[in-house]
Every structure is written in C-alpha cells, then in structure tokens.
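# Geometric and topological summary
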Amino acid sequence: MPRYGEPGPPTSRDTAVSPLPSNLTIHLLPHSHVDAGWNLSLDEYYEAAVRKVLRRATIQLWMGRGRRFVWGDVAFLDKWLDEEGDSMNGQLKGEQRQMTWRQLLQEEIERGQWEIVGGGYVSADEGLTTWWAHNMVLDVGHRALSRQLNTTTRVAWQIDNFGHFNTVAHLLSNSGYHAQFVGRMAYRDLYGFASKGRLQFLWQSREHQGARPLLTHFLAEHYASPSPDFDLDYRESCNVDLLLEQLQRVARRHVRQYPAHGHVLVLIGDDFRFVKARRAFDCMDRLIAASSSHPQWRDVTLQYSTASEYLQATGLLQTQKNLYRFGGDMYPYQDKPVEQFWSGILGSRPYLKWLVRDCELTVKHAEALVALSRAKGPHILDGEWTQMEEHLEFARKQLAIGHHHDSITGTCTNEVFADYAQRLQVASRVALRVAHVAVQIYAGYSDHMPQIIDRIRDAYEPEAVVADACSPATWDVADGMRGSLKAGANKTTLLVSNAALLAAQSHVVRLRGLPYNAAIADGMGNPVKVQAQQAIDGSFNAMFVAEDVPALGMRSYMVGTTEQYPQAQPLNAQLTTTSPAFSPHASLRKGRTQVLLRSKRNGVVEVLANGRTVRVQLREYFANPFVQSSGAYVMHSFGLMYAVVFGIFGAALCAGWLLAAVSGPRILRTLRIPRVISVGTLGATLIGCAQGVAAVYYAAQMASAELLNAWTRGQSVLLLFAPVSAVAFVQGGMLRWGMRAATGAAVGALAGTALALLLGQSWQSRALTPHMLRFQVEHGNVCDKAYALASEFAALEMQLCADTPHMLHMATTLRAPSDRELVMRVSHGWSRTLHLFDGTVERRRKSGWWIPVPGAFYPAPQMVRLGSLTVHARQPVGAASVQQGALDLLVHRNMSANDFRGLQKPLADSHAARPAFLLDLRPNPPSPVLDNLRFNAPPLAFALPHTTENLQRNAAYSPAAASLPALDLVGIRSCNTSQGLVIDARLLALHSTRVAASSLLPGVKSAMRIDNWLMRSCSLPTEHNKTDVVNLKPGEQALFRLLISS
C-alpha cells in the first residue's frame, strides 16, 4: 500500500541549522513510480496503468506548456514506444491529431516539460547486483533512450531502492551523471542528516581510488505526495486552501533539513499514479494560480519543476564548496525501531537469484563472443550482425529486468516470480543461441549465416527451453549450448570458449547423453581423462577438464568413438566409483590436495585440509509469525520474540521467589522441605543471572517452535508459568531467601537474560539437524564428491575437482519450511570483520555484539572473506558474522505472514534452490579477487561439425597478445562505421596495471580512452585524443574505443 509523507508535529530533531530564507520557492515535481514487476508482472502493470499514464501525461503536458512530468525506469517507456510510438495520438485537435506519440514526447522533452531520469533500463537493486550488471543496466537504458527518442539523462533516480551503496555513486559519477536522487536510509541516519541540514550532500566513495563526488539529494519523505489529499487518482475533489496549507507546512519543515538555498522540492505522485492525469494537473494548476494571490504566500513561490530545473535553481550544480561529503554506504536499511531491518531481501527467493546470475554469465559470454567474432570476420554482412546484436540486446533487457529491485531481491508475488523466471530462462536461451552462432563464425563455419541466425528465433518460446533441456535425443553440453549434438554424428568438435576472461583458465566440461563407446580427445587427437556415470536411461554422462583455455580465446576438443580414437578407454571403463555405504567420514583427493570430512553432532562437518580445520553447518532461524512478523523484506526480530517469552519466564521466577520470601518458611515447614543453605543477596543475584542465561538457551535452542508460537500468542502460558514459579518457590525457600535476596535474584535473572541475548547471538539460530551426517562418496578421474542428507528438506554436497584443486565446491539443495530462515555457517578463527567483494573493490564491514542479528547481514554478490576464510558465491546472498570466526550465509527463507511493506501476499516460497559456494582451502590465498574473476566468467562449451582444417586452426586460439589477469572485461560491444569496425571494451583494474589497448585485439588501427563509461553509441576516435598505453589503479575503470582495420 502507498505510504505518504505527511509530516508529524515538530520535534527536537527538527531544530533549524540553516537559516530560514526570506524568499522560498516550492518546486512541484509530478512523477509516477513504476515498478517492472511487484504485485503484478511488468506486462500486467503496463496494461492496467502504465500505458494510460504515458498517454494521458503526454497529452496533458501538450495542453499546458508550463506543466512538468518526470519519468524513471526506461523499460516501460521502451515497450510503449515499440508498440505505439509511431501511432497517431488521435486525441489532440486539428493537425496535431496526426502527430505520433513519439513526436509528441520528443517535442515535450526538447521543451523541458518531460524529463527522463534514472537512465537505467530499470532501477536495479544496489547491493545484490554485480559491477558488470550495474554497467549493463545503464548501457541498455541509455541505448534504448537513444534509439527511441535520441535523448539521454544525467540525473539518476534511485528513490525506491532498499539501501544505497557508494559503489553505485562511483559508477554514476564516472558515467557522466551530474546528480542523483535517493530515498532510503536507516531512520536513525536520516534523523542525523536531517537535523544538521545535510540531506543534500556530495557522495564520494572512500573505497574507490580517484572517485568523483556526486551531488546527491535525499528525499526527506517517502516519494509519495505529501498527504492522501494530493492523491487525485483516488480523490475527486481539489481543496485548494487545504492543499496550500499542507504544502507550506511541508516546506517549512523541509527547508531546515537541506542547505540554505531557499528551494524546496515536493514530489507529487506515487506508485503508478497519474492515470487520472487531467484531474491531477488541473488541480496543480489551480494551486499555482491561487498561491500567487494568497496572503500567506507573499514570500513563497509555487511552481512546476523537473529534477534538473530544481537542481539548477538551487545553484548546487555550480557551487558545491559548503556541502557535506559522505563516503560510506546507506545500509543496512531500517525503516522503524526494534530490529525492523530489511535484511530478508538478501535471502528471499534464492532460485530467482541463481537464475539472474546464471543468465548474467551467459549474456556476458555471448556479448564477448559476438564482438570477438565480428573482429575476426568483418566480411560478414552488417545486416546479419545487426540481427545478432538485436537478439543479444533483447537478452540484455530481460536480464536488466531480472536485476530490478523487486526481482533479484525476491520481493514479488509467486505469480510475478514465475514471470521473472520465464524471462530469464528465455534470455539465457537466446544468449546461448547467439553465442553458438558467434562461435561458428569465429571458427569459420559461416557459409550458411542466415539459416544459422534463423535458429535463434526458436529460443524465444519458453517451451523451447524446456523441450531442449529435457530431450533424451540430444547430447547436452551443460556448461554451454544446452542440447545441440546429434546422437548419430560421426565426429563432433567441442569448442571450449573463454571469451569473457582476460586470463587463461581450466574448467570442468560436462556432457550428458553419450553412448558407452564415446571418446573425447584434445585438439591434437590425444585422448583426455574422462569421468563417466551411467544415467537411468542407459546413456552416459561424462566430464573432463578443459586445460588452460587461453584468454579471450578457445580450445578445441573432439567427441567421437573408441574406434576413431583407439587409445581412448570407453566410458564404461572410466566410471565413477561410489562407496557402498554411508559413513560419518569421507576423503576427497585431487592432485596434491587431500580433504578429510568428519561429521560431528548437530550436523557439523569438519573440513580438514592444508593443516587447518573449517567447520560447515546448516542452521535455521525460527521466524515467529505472531511477533513483528517477517516477510519478503524484513528479517525476523528475534529479540522481540524472545522478550515476550522471557517476560513470562521472568514473571514466573519473580512470583516464585517473592512468594518464598513472604510466606516461604511457613509453607516449607508444612511441606517438610528442609533448609539447605543460606545464600546472601550477591549469591542470589548470581544464581538469578545463571538462570536467566539458562532460560535464553532453553528458549532459543530447546523449546519447540509450536511452544514459542503458543507462548507469544498467550496460549499454554500456564504450562510455562506454573512449573517455573514452583521451582523458584522451592529454590527460594530452601535457600532461605528474604525480600532483598529475592529482589537480587530477579535483577540477576534480568541481567543474565540481556547478557545472553547480546553475547549469545549464535544461540538465536539452531542446527538444522541434531544428528551426525553420513556421507556417500564418489571418486573419479575429474571430481571427488561427498553427499549427505541433512534433513528431509536439505542435502549437503561437497566436491573437489581437478580444475581447481584448492577449492572445495559446497552446495546445498533445500526447501525452507514455513517460517524459517536457513543459513550455511562456515567457521574458522576469531575474526568478525567481513570483506565483501562486488566486482570492484572489497568493502570492509565489522560486526559486533551490539548489532542485532538482522542488522548484521550485508549483501555478498560475489565473494566474502572473514579472517583467513574466503568463500566465493555462485549467486548473491546475505553474509553476517554473529559469532567469533563464524560466517553465516543466508540461503533460503519461507514466511507465512506479511511484513506489510507493500507486497500484498506473504513470501510463501516453497521452491527448491541449490545455493552453491566455493571455499578456498588455502589459509592465505594470494589473489582471491582474481580467483573470483574466473568463477564469474566460466568457459562455455559449444558443439560444431568437425573438419580437419578447423581442428588444426582452433586447437588453441586467442586474439589477445598477452594474458591480462589483473583486468576484468566489464563490457564489450561492436558496431560498424564508414571507416571500419568499432569495438568498445570496458576494462576494470583489480590491481595496478599498465594496459596497451592495441594488444587486446588484432588489427587495431587506432584506440582512444573515453572518460564516460557508458556504451551508448559508437563514434570514431579523433586525432587529438588517441591513446594506447594507460596506467590503471586498483578499482579504476576505463572505456577503450578501438577501430579495427577491415
């Protein structure tokens, strides 16, 4: 439901810091906030509201030249202009009736009436999105604006994101943005900023070298209108006097919270508003007209403004000397007191998070292959390359929608979740087909280019994804083109592509559906070691290691039969061996690395390798739906839940002790209970403290969820109160406690409870299973794997493979029971300082006993380190350290209640997920960031027809002159110009490095470095800004524009 920014009575926090200006200007900014999926899907929102808003707002702005309107995400605008942009509007009079919607909108943009802000295709979540994806979302949005309207924007619009990060401010400032508007920070921080007049500030990341400051405007209130009286989509009356009074009240409050420039911004709108655009604009026109003659508005001016007009009026775009500089993050987000942290988004809908990352890796690889193939074969018709770019741009758009702040966070209904999942599956399929075509061109199979491109269109149907993935008549290259090898083929070339990485790497390639006599050989015809396993249908699944695939290049392998490769063993002679029984111990070995697994109580697995022991355990947090219920956004408030239980427990203890102090001797004599010992006040206090600690442990670790539910609802209280008070009475009587001792015991119990809650945060979660795990072990030529069933809804898998023998692959396949939040705990050492890597730099975040458990979780989109522990994530997760040396990874959530943050349905997520991680077994990895690059750019394998000439040419090929392991390829795109092929390559330095742009690709005629990081459109380098060699610092990014000779 919408929330309005209705100001409350003035408080001490509203004390003016900046002087109140004698002349005040109030800027009305009409806007409609549109989410690309939330309670309804993108298409449902478009049909129900967005198309009407776009049409009617366009008409109303045309009818009033002084009116203004601001639009955020580009996705809906792109869809509308594709469908109706070239249609006549049919609503205006005379010749203007013939104007198309695109013409009207372009004219209004040129007049400054309609401003497009944000620029990203959607408003992506800032914490769970990787650096590559942030760049991609901006690129796609700006290209859509350029194609549809020949316009751009320099004002970012992040008003609904669930927390904000300096990484995004760093990206925006280096992408040509002048300012950004943001809308969510913890309520305590907001009070601190507002009370000092700092809600406009310069955001300059302290963690990125050379970061440029970005002017930031924080919304003092929610992005909705000042009160429900302004919501003219639902109110028919426009009470001018009332609205003017409310506007002035808001202005007098806000002017104290911003620098003293005499301008106040008031947003008019909300989610999917301005369906009734005529009524809303007519009312605002009346307000502006009435304010000019109103006696109370003598020193106040009311006017329409866009975001840019407001910023220009403040003068802050020109002069920023006195603005406060901020360098941190606005995270975690807490909108209310008492543990109302929005940390639940880090674990909600993990399957969707995995789909987003899987699609991202595929699209990233496909765009690299297209650019590299185009550079190698520019003789192909440009129109056909354009078709491939269009298909790839479609996949990017769907991936961008998957990064929307209500998608990757999981804050959507089950129906919208299904829509997001379908979009991502289709996008992955399209990108894989595009990559497959690019590989064929790259390898010289381009004789039938049009027919090959036609196959891409088949991937747009969701059924094609399911049918291809399940068809038993195809060989499935699991790490590449899913399903393309015919079972009857004599010999097939398998090209393993490493096009998305600037360093060589080895990788396990998996094949499915092979015959028993299949053989795999390298590019020189030598058989390779294979690990096989027979499937239920009698076919064989196989895996092998593609060794040392070169940077930006590929290595070829052949799939044939043992008759064609006599030296190769058949697959049924290289089968995986499986242990006959389950055991609490397991041994995995690859190369010089041996890993011993020992199972302990409560599902703890000790991993012994390289002289150290790491403990792994699946745990659960119980989310009580009757006490400050959790949902898709908010992680449960454990302190409040236990406070209710401990209140009952404490009351029972105190009642028993006081009764013993008042009438204990007489009753005890009657019951013939002997006196044991006399304990003074200090002793009673210590005993009470111990009992408080014991109560916390019992409630958190032993009491059933059903009992906790009942007690917090006021049910079965007698079952807790009666025995506890009876024990306390007997205890107080036997120890001969008087009133002073009983009071001391009560104080001690309270202190012990508080101490246990603060220092025993790890008690707030429980082991998922109380027993020891038993492993079934598989050994093979490529990977050793140990598998254990942790519970009826969770299994744990650990695997050691020959491509990365220093990494232990950990995965858990699980479903979350109702009202549970599941974590994987990895423990070693004593540190509580997290180092989180999002693709640019590592952010240091320290946890402490004073931070509640929900507030200790931070987004870990790619990698997290804790002391000597290094864990790489295959999907974005939440990470926290609630115990010395323990790293908790939030992997799944399922809630039966609603947290009432706008989502109309509870987070009832019963979908299975398979969160996967890589644990670095080395105590001190030399370059964990570079390792993470490899894991986020895995090679893809593609099947092609085999010919002798292609065999020799592609045994191992790379266009790069040298490997550049310290650089990450953050984006690459190609387009044709009159003078040749232009390729934009965006590189990020993870260590200090020297880059020669001409060495990246062969045939580079000229190169230039672009200051603006956006890949919006191609333009040729000019003589005065050509460059080749560039020195980059850690975390510094550069965009190179390369002209390739034809």
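Residues numbered from 1 in each chain as written. Predicted model: local features only at pLDDT ≥ 70, side-chain atom pairs only at ≥ 80, totals over all residues. Heavy atoms only, no water.

### With respect to the pairing of strand β38 (residues 886-894)
Counting buried residues along β38, 9 of its 9 residues qualify, which places the element largely inside the surrounding structure. In this structure, strand β31 (residues 820-827) lies alongside β38, joined through 8 bridges in antiparallel fashion. Residue pairing for β38: Leu822 is matched across the bridge by His892. Taken together, the 4 bridges between strand β37 (residues 877-883) and β38 define a ladder with antiparallel strand orientation. (Buried < 20%, exposed > 50% of the residue type's maximum accessible area, 1.4 Å probe, protein only. Helix = DSSP H or I, 4+ residues; strand = E, 2+ residues; numbered from the N terminus. Pairing = 2+ DSSP bridges.)

### Digging into the packing of helix α11 (residues 382-402) against helix α12 (residues 414-442)
Packing of α11 against α12 leaves a shortest axis separation of 9 Å and a crossing angle of 150 degrees. Put simply, α11 runs roughly antiparallel to α12. In the packing of α11 onto α12, the handedness of the crossing is left-handed. Note on element contacts: α12 touches α11 through Tyr420, Arg423, Leu424, Val426, Ala427, Val430, Ala431, Val434, Val437, Ala438 and Ile441, opposite Trp385, Met388, His391, Leu392, Phe394, Ala395, Gln398, Leu399, Ile401 and Gly402. Split into classes, the residues belonging to the contact of α11 with α12 amount to 17 nonpolar, 3 polar and 1 charged. (Axes fitted to C-alpha atoms, helices over the stretch in contact; angles between N-to-C directions. Parallel < 35°, antiparallel > 145°, perpendicular 65-115°, else oblique. Left-handed = near helix turned anticlockwise from the far one by under 90°. Contact = heavy atoms within 4.5 Å. Nonpolar A, V, L, I, M, F, W, Y, C, P; charged D, E, K, R; others polar.)

### Comments concerning unusual backbone geometry
In this structure, the amide linkage connecting Tyr331 to the following residue, Pro332, adopts the cis form with an omega of 0 degrees. Note on placement: Pro332 falls in the loop between β10 (324-326) and β11 (334-336). At Phe274, a residue that is not glycine, the phi angle is positive and equals roughly 75 degrees. Unusually for a residue other than glycine, Arg349 sits at a positive phi of about 50 degrees. Positionally, Arg349 belongs in the loop between β12 (340-341) and α10 (350-376).

### A short note on the side chain of Arg825
Along the polypeptide, Arg825 turns up in strand β31. Within the structure, the side chain of Arg825 is placed 2.7 Å from the side chain of Asp888, a separation counted as a polar contact. If sequence neighbours within four positions are ignored, Arg825 has contacts with Arg615, Val616, Gln617, Arg619, Tyr621, Ser762, Ser765, Val882, Gln883, Ala886, Leu887 and Asp888. (Polar contact = N/O pair within 3.5 Å; in protein donor to acceptor, adjacent residues only side chain to side chain.)

### Regarding the nonpolar core
Core analysis: the largest hydrophobic core is formed by 247 residues, its most contacted members being Trp71, Leu77, Trp114, Leu597 and Val607. If you tally residues by element for this core, the top one is α12, at 17 residues. Setting aside anything within four residues of it in sequence, one finds Trp71 in contact with Ser32, Val34, Val50, Val53, Leu54, Phe76, Leu77, Trp114, Glu115, Ile116 and Val117. Ranked by size, the runner-up nonpolar core spans 27 residues in total, among them Ile648, Phe649, Ala695 and Ala699. (Core = buried A, V, L, I, M, F, W, Y, C linked by side-chain atoms within 4.5 Å.)

### Some points on the packing of helix α4 (residues 131-149) against α11
Close contact between α4 and α11 brings their axes to 10 Å; oriented N to C, the two are set at 120 degrees. In terms of orientation, α4 and α11 fall into the oblique class. Classified by chirality, the crossing of α11 by α4 is left-handed. Residues Trp132, Met136, Val137, Val140, Arg143 and Arg147 of α4 form the contact with α11, whose own contacting residues are Glu393, Arg396, Lys397, Leu399 and Ala400. Looking at the contact of α4 with α11 residue by residue, the classes come out as 6 nonpolar, no polar and 5 charged.

### Details of the state of the cysteines
Among covalent bonds in proteins, the disulfide is the one between the sulfur atoms of two cysteines. Summed over all chains, the structure comprises 2 disulfides. Across the disulfide, Cys238 is cross-linked to Cys283 (sulfur-sulfur distance 2.0 Å). The S-S bond linking Cys238 to Cys283 shows a torsion near 70 degrees; that makes this disulfide right-handed. Separated by 45 residues along the polypeptide, Cys238 in the loop between β7 (214-218) and α7 (240-254) and Cys283 in helix α8 (residues 277-291) bring together distant segments of the chain. (Disulfide = S-S within 2.5 Å.)

### Regarding the environment of Gly656
Among the structural elements, Gly656 can be located in helix α15 (residues 638-671). In sequence terms Gly656 and Ala728 are 72 residues apart; their C-alpha atoms lie 4.7 Å from each other. Among all residues touching Gly656, those that are not within four sequence positions of it are Ser725, Ala728 and Phe729.

### Observations regarding the confidence of the model for the protein
On average, residues of the protein score 86 in pLDDT, and 89% of them are at 70 or above. Considering each helix and strand of the protein separately, the mean pLDDT is smallest for strand β13 (residues 474-477), with a value of 32, and largest for strand β2 (residues 69-71), with 98. Predicted confidence for residues 1-20 stays below pLDDT 50, and this span has 49 contacts to residues more than four positions away or in other chains. Between residues 463-489, whose pLDDT stays under 50, and residues either more than four places distant or in other chains, the model counts 64 contacts. (pLDDT = per-residue confidence, 0-100.)

### Details of the sheet that holds strand β5 (residues 179-182)
One open sheet holds the 5 strands; their spatial order is β4-β5-β7-β6-β10, and the pairing between them is mixed. Whereas interior strands pair on both sides, the edge strands pair on one side only; in this sheet they are β4 (155-158) and β10. The mean inter-strand angle of the sheet, taken between neighbouring strand axes irrespective of direction, is 30 degrees. Pairing analysis gives 4 bridges linking β4 to β5, with the strands arranged parallel. Bridge pairing links Gln158 to Val182 in β5. Along the sheet face, helix α5 (residues 166-173) touches β4, β5, β6 (200-203) and β7 and points at about 125 degrees away from the line of β7.

### Quick look at the side chain of Asp838
Locating Asp838 in the fold gives a position in the loop between β32 (833-837) and β33 (842-846). Of note is the side chain of Asp838, whose polar atom sits 2.9 Å from the side chain of Thr167. Polar side-chain contacts of Asp838 include one of 2.9 Å to the side chain of Thr840. In contact with Asp838, not counting residues within four places along its chain, are Thr130, Trp131, Thr167, Arg843, Pro861 and Gln862.

### Some points on the sheet that holds strand β28 (residues 783-791)
The sheet built from 10 strands is open, its strands ordered β21-β27-β28-β29-β30-β39-β36-β35-β32-β33 with antiparallel pairing. Single-partner strands in this sheet number two, and they are β21 (577-578) and β33. In terms of strand pairing, strand β30 (residues 807-814) meets strand β39 (residues 916-920) through 5 bridges, oriented antiparallel. By the bridge assignment, His809 is partnered in β39 with Leu918. Of the strands in this sheet, β30, β32, β33, β35 (863-866), β36 (869-873) and β39 are in contact with helix α20 (residues 928-935), which crosses β36 at around 20 degrees.

### Let's talk about the pairing of β33
Burial of the side chains of β33 is restricted to one face: Arg843 and Arg845 are buried, whereas none of Glu842, Arg844 and Lys846 on the reverse face is. Judged from the 5 bridges that link them, β32 and β33 form a sheet pairing that is antiparallel. Paired with Leu836 across the bridge in β33 is Arg843.

### Points about the environment of His835
Mapped onto the secondary structure, His835 falls in strand β32. Between the alpha carbons of His835 and Thr870 there is a distance of 9.2 Å; along the sequence they are 35 residues apart. Sequence-distant contacts of His835, defined by excluding residues within four places in its chain, comprise Glu842, Arg843, Arg844, Met863, Val864 and Arg865.

### Thoughts on the packing of aromatic side chains
Tallied over the entire structure, the rule returns 28 aromatic pairs. Plain terms: the ring middles of Phe69 and Phe274 are 5.2 Å apart, the flat faces sit at 75 degrees to each other, and that makes the pair edge-to-face. With a gap of 205 residues between them, Phe69 in strand β2 and Phe274 in the loop between β8 (263-271) and α8 connect regions that are remote in the sequence. Assessed through its relative accessible area of 0%, Phe69 is described here as buried. Given the relative accessible area of 3%, Phe274 is considered buried. For the pair Trp157 and Phe181, a centre-to-centre distance of 5.3 Å together with 50 degrees between the ring planes defines the contact as tilted. Taken together, the positions of Trp157 in strand β4 and Phe181 in strand β5 put the pair 24 residues apart, joining distant regions of the chain. A relative accessible area of 0% places Phe181 in the buried class. (Phe/Tyr/Trp six-rings, centres within 6.5 Å; stacked < 30°, edge-to-face > 60°.)

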